[in-house]
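# Residue-level structure breakdown
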Amino acid sequence: MPRLFGRRYSRRQVQDLVGDMSQVAGVRRAELVEGNERGAGLVELFNASGLCLSVLPGRALDIASAHYKGMSLCFRSKTGDVGPAFYEPPGEGWMRGSFLGLLTTCGLTFVGHAEVDPEEEDEELGLHGRLSYIPAKDVHACGGWEGEEYVIRVGGRMREHIMFGHCLEMTREISMVLGERRFHIHDRVENLGADPSPLMVLYHTNPGWPLLDRGSRLVLRSNRTTEWTADREVGPEVYTTAAAPRRKARHDVYVHRPRADRGGRVHVGLVNDRLGLGLYWRFPVAEIPLITQWQHFHRGSYVTGIEPGNCSALGRAWNRANGSLEYLEPGAVRDFHLEMGVLDGAEEIQAFENRHGPASGGESA
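So, here's what we can say about the structure. (Residues numbered from 1 in each chain as written. Predicted model: local features only at pLDDT ≥ 70, side-chain atom pairs only at ≥ 80, totals over all residues. Heavy atoms only, no water.)

### A short note on the sheet that holds strand β11 (residues 137-146)
Read across the sheet, eight strands follow the order β11-β12-β13-β14-β25-β21-β20-β17 without closing on themselves; strand pairing throughout is antiparallel. A strand with exactly one partner marks an edge of an open sheet, and here the two such strands are β11 and β17 (217-219). Strand-to-strand, the axes of this sheet are offset by a mean angle of 15°, without reference to chain direction. Where strand β12 (residues 149-161) lies against strand β13 (residues 167-177), eleven bridges are found, and the strand directions are antiparallel. Bridged to glycine 156 within β13 is arginine 172. (Pairing = 2+ DSSP bridges. Helix = DSSP H or I, 4+ residues; strand = E, 2+ residues; numbered from the N terminus. Axes fitted to C-alpha atoms, helices over the stretch in contact; angles between N-to-C directions.)

As structure tokens, then:
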């Protein structure tokens, strides 16, 4: 039974109170037509919890923006929403069309800064791979009652391939339930090619102001954390607390080996105590064993990246050297599950921190 506006309602009670379910929850498809937005498409989801998502089917069903009770949960770059036809693959050209948003998915065969992998293609691999510029096919967007829950689902499939090489297909579904301040992503990747292929999938999620602000805190249990320049181990005092925007741009990157709870799930949070607002991530450590944390606290591009993945964001060479470069055999399938949600108020934040903070035992369900 959904909890709406402070109380529980049965399906029958909700249907008695509204003319159509679009009064409280729904999914709407539209087109973006201005300038280089063309081709990105648009799917908007809302569910009476205060959480709203904008998904772009022309950009791998990534989440270009997200709001909670009118507050943005993510950073939005000056590029805006860019259609897939404007992709610039070489070098750092990926950034010319990157909105970042709440979710930009990196992969499927490469994640990281542009590099050449002499053990595979032996050619330059552009920043963070091609996936986020691949339009989805078989897109569906619908809402309906499933028992006593009203569920909204958006899905489709993206295929990354080359004629005489790899062929990986990702099938994605994003779902949210009426009244819940969270959503789920289920991605399934299948190797449709004839040879093993590198599989690199990273969920580049990008909190921004007002959630991200001076003093915002990362809640994370890490077995080991290293910084990117020398692979030296660092402690939480280095990466936990956000700084204010700086005059001079600087990238700080940390790779976390997160500690799971007894159920095998990792829980991560970013909280703003002043606002009483937080965002959390939950996922199985067996599917997603690493988190890359990116800090870019620069004026006008004030963003942090919380980036769970089956690899780090540091490229093929780093992941191969550290034993985290995965290969997918022909015909094999790999599933990824990620849940994200909102923490509303000091009580919820404290409860999350008690269960999943660095000093906790992680006993929660």
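### What to know about the layout of surface pockets
In this approach the atoms are scanned with a rolling probe the size of a water molecule, which exposes any empty space left behind. In this structure, the largest pocket occupies an estimated 600 Å³ of space. If you trace the largest pocket, you find 30 residues lining it, with Thr109, Glu121, Glu123, Leu125 and His166 closest to the centre. At the level of elements, β10 (124-125), β12 and β15 (197-199) are the ones that each hand at least two residues to the lining of the largest pocket. For the lining of the largest pocket, the leading source of residues is β12, giving three residues. Looking at side-chain class alone, the lining of the largest pocket contains twelve nonpolar, nine polar and nine charged residues. Approximately 500 Å³ is the volume attributed to the second largest pocket. Considering the residues around the second largest pocket, the lining is formed by 24 residues, among which Trp94, Met95, Leu100, His251 and Trp294 are closest to the centre. Sorting the residues of the lining of the second largest pocket by element identifies β22 (290-298) and β23 (301-309) as the ones contributing at least two each. (1 Å grid on protein atoms, 1.4 Å probe; cavity = no way out; pocket = protein on both sides within 12 Å on 5 of 7 lines; lining within 4 Å. Points joined across faces, edges and corners; volume = space filled by probe spheres on them. Nonpolar A, V, L, I, M, F, W, Y, C, P; charged D, E, K, R; others polar.)

### Section: empty space enclosed by the protein
Overall, the coordinates contain one cavity of 30 Å³ or more when judged by the stated rule. Lining the largest cavity are 13 residues, and of these Thr240, Leu270, Gln293, Gln295 and Thr304 sit closest to its centre. Where the lining of the largest cavity is concerned, the elements lending two or more residues are β22 and β23. Of the residues forming the lining of the largest cavity, the biggest block, three residues, is contributed by β22. Taken together, the residues that form the lining of the largest cavity break down as seven nonpolar, six polar and no charged.

### Comments concerning the packing of aromatic side chains
All told, the structure shown has six aromatic pairs when counted by the stated rule. When the centroid spacing of 6.5 Å and the interplanar angle of 65° are considered together, the rings of tyrosine 203 and phenylalanine 336 count as edge-to-face. Note that tyrosine 203 is positioned in strand β16 (residues 202-205) and phenylalanine 336 in strand β25 (residues 333-344), a separation of 133 residues in sequence. For the pair tyrosine 203 and phenylalanine 336, one class covers both residues: buried. The ring of tyrosine 9 is capped by arginine 7, whose NZ or CZ atom sits 4.2 Å from the centre of that ring. Sitting over the ring of tyrosine 133, arginine 59 keeps its end group 3.8 Å from the ring centre. (Phe/Tyr/Trp six-rings, centres within 6.5 Å; stacked < 30°, edge-to-face > 60°. Buried < 20%, exposed > 50% of the residue type's maximum accessible area, 1.4 Å probe, protein only. Lys NZ or Arg CZ within 6 Å of the ring centre and 35° of its normal.)

### Some words on the state of the cysteines
Considering all chains together, one arrives at zero disulfides under this definition. Not part of a disulfide, cysteine 106 finds its nearest cysteine sulfur in cysteine 311, a span of 8.6 Å. Exposure remark for cysteine 106: the relative accessible area of 0% places this residue in the buried category. (Disulfide = S-S within 2.5 Å.)

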